[in-house]
Amino acid sequence: MSLIDDELARAEAAAAARRQQLASTVVALQSRLKPSALARDAIGELKEVGGEIAQAGVDTIKRHPVTATGVIATLTAFFARKPLRRLFHRRSSDT
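Quick notes on the rules
Counting starts from 1 at the beginning of each chain's written sequence and moves along it residue by residue. Predicted model: local features are reported for residues with pLDDT of at least 70 only, side-chain atom pairs are reported and counted for 80 or more only, and whole-chain, interface and lining totals are derived from all residues. The side-chain figures draw on all heavy atoms in the structure; neither hydrogens nor water molecules are used. We count a stretch as a helix when DSSP gives it H or I for four or more residues in a row; a strand needs E for two or more, and each element gets its number in order from the N terminus. Computation of the radius of gyration draws on C-alpha atoms alone. For the globule rule, the value is 2.2 Å times the number of residues to the power 0.38. Only protein chains enter the accessibility calculation, which uses a 1.4 Å probe; a residue is then buried when its area is under 20% of its type maximum, exposed when over 50%, and partly exposed in between. Only the protein chains shown count as covering a residue, and every accessible area follows the Shrake-Rupley method with a 1.4 Å probe. For Phe, Tyr and Trp, where Trp contributes only its six-membered ring, two rings pair if their centres lie within 6.5 Å, and the inter-plane angle classes them as stacked under 30 degrees, edge-to-face over 60, or tilted in between. Placement of a positive charge over a ring is assigned whenever Lys NZ or Arg CZ falls within 6 Å of the ring centre and within 35 degrees of the normal to the ring plane. Any two residues whose heavy atoms approach within 4.5 Å at even a single point are treated as in contact. Patches in this entry comprise residues that are over 30% relatively accessible and not in a salt bridge; like charges within 9 Å are linked, as are nonpolar side chains (Val, Leu, Ile, Met, Phe, Trp, Tyr) within 5 Å. The rule for a salt bridge is simple: a side-chain nitrogen of Lys or Arg has to be within 4 Å of a carboxyl oxygen of Asp or Glu. By the counting scheme adopted, Arg and Lys are positive, Glu and Asp are negative, and His together with the chain ends is not counted. Taken as the charge centre is NZ of Lys, CZ of Arg, CG of Asp or CD of Glu, depending on the residue.

Engineer: Hey, could you run me through the overall build of the chain in this one?
Structural biologist: Scanning the chain from terminus to terminus reveals four helices and zero strands. Beginning at the N terminus, the succession of helices and strands in the chain can be written as α-α-α-α. Relative to a compact globule of 95 residues, whose C-alpha radius of gyration would be 12 Å, the chain shows 33 Å and is clearly more extended. Taking the principal axes of its C-alpha atoms as reference, the chain extends roughly 115 × 30 × 10 Å. In the chain, which comprises 95 residues, the share counted as buried stands at 2%. Split by element, the accessible area of the chain, about 8,500 Å² in all, is 65% carbon and sulfur.

Engineer: Explain the packing of aromatic side chains to me, please; I cannot follow it from the model alone.
Structural biologist: Think of a pair of aromatic rings as described by two things: how far the centres are apart, and how the planes are tilted against each other in angle. A full pass over the atoms with the stated rule returns one aromatic pair. Ring plane angle 75° and centroid distance 5.2 Å describe the contact between phenylalanine 78 and phenylalanine 79, whose orientation is recorded as edge-to-face. When its relative accessible area of 65% is taken as the criterion, phenylalanine 79 is described as exposed. Just above the ring of phenylalanine 78 sits the side chain of arginine 81; from NZ or CZ to the centre is 4.3 Å.

Engineer: Would you take a moment to explain the environment of leucine 38 for this structure?
Structural biologist: Note on placement: leucine 38 falls in helix 2 (residues 35–63). Along the chain, leucine 38 and lysine 62 lie 24 residues apart, while their C-alpha atoms are 36 Å from each other. Filtering out sequence-adjacent residues up to four positions away, leucine 38 remains in contact with Arg32 and Leu33.

Engineer: Would you take a moment to explain a nonpolar patch on the surface for this structure?
Structural biologist: On the surface, a cluster of nonpolar side chains totalling about 430 Å² of accessible area is made up of Val71, Leu75, Phe78 and Phe79. With respect to the helices and strands, valine 71 occurs in helix 3 (residues 65–79).

Engineer: Would you mind going over a positive patch on the surface with me for this structure?
Structural biologist: A cluster of like positive charges, contributed by Arg81, Lys82, Arg85, Arg86 and Arg90, occupies part of the molecular surface. Within the secondary structure, arginine 86 is located in helix 4 (residues 81–94). For arginine 86, a relative accessible area of 47% puts it in the partly exposed group.

Structure, rendered in structure tokens:
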């Protein structure tokens, strides 16, 4: 074998290795771009962000319990305004 034949053989081997590497990369990309894989990744991200938000909320409530209690009481009164109105309306009618 001549020097040119050796270089050609090395170049062909390198090209074959690169083709194999490219094929592996394409297979990996195809598996990551499947809708089910994308959905799984998105759900994982949402769980992580949701956990961080929940932890931040808990930390805030621990730092400001009186304010948190006031906010919760206000929201409860707002969402229960119709039953509360009926309750107080009945009591004023009864007297």
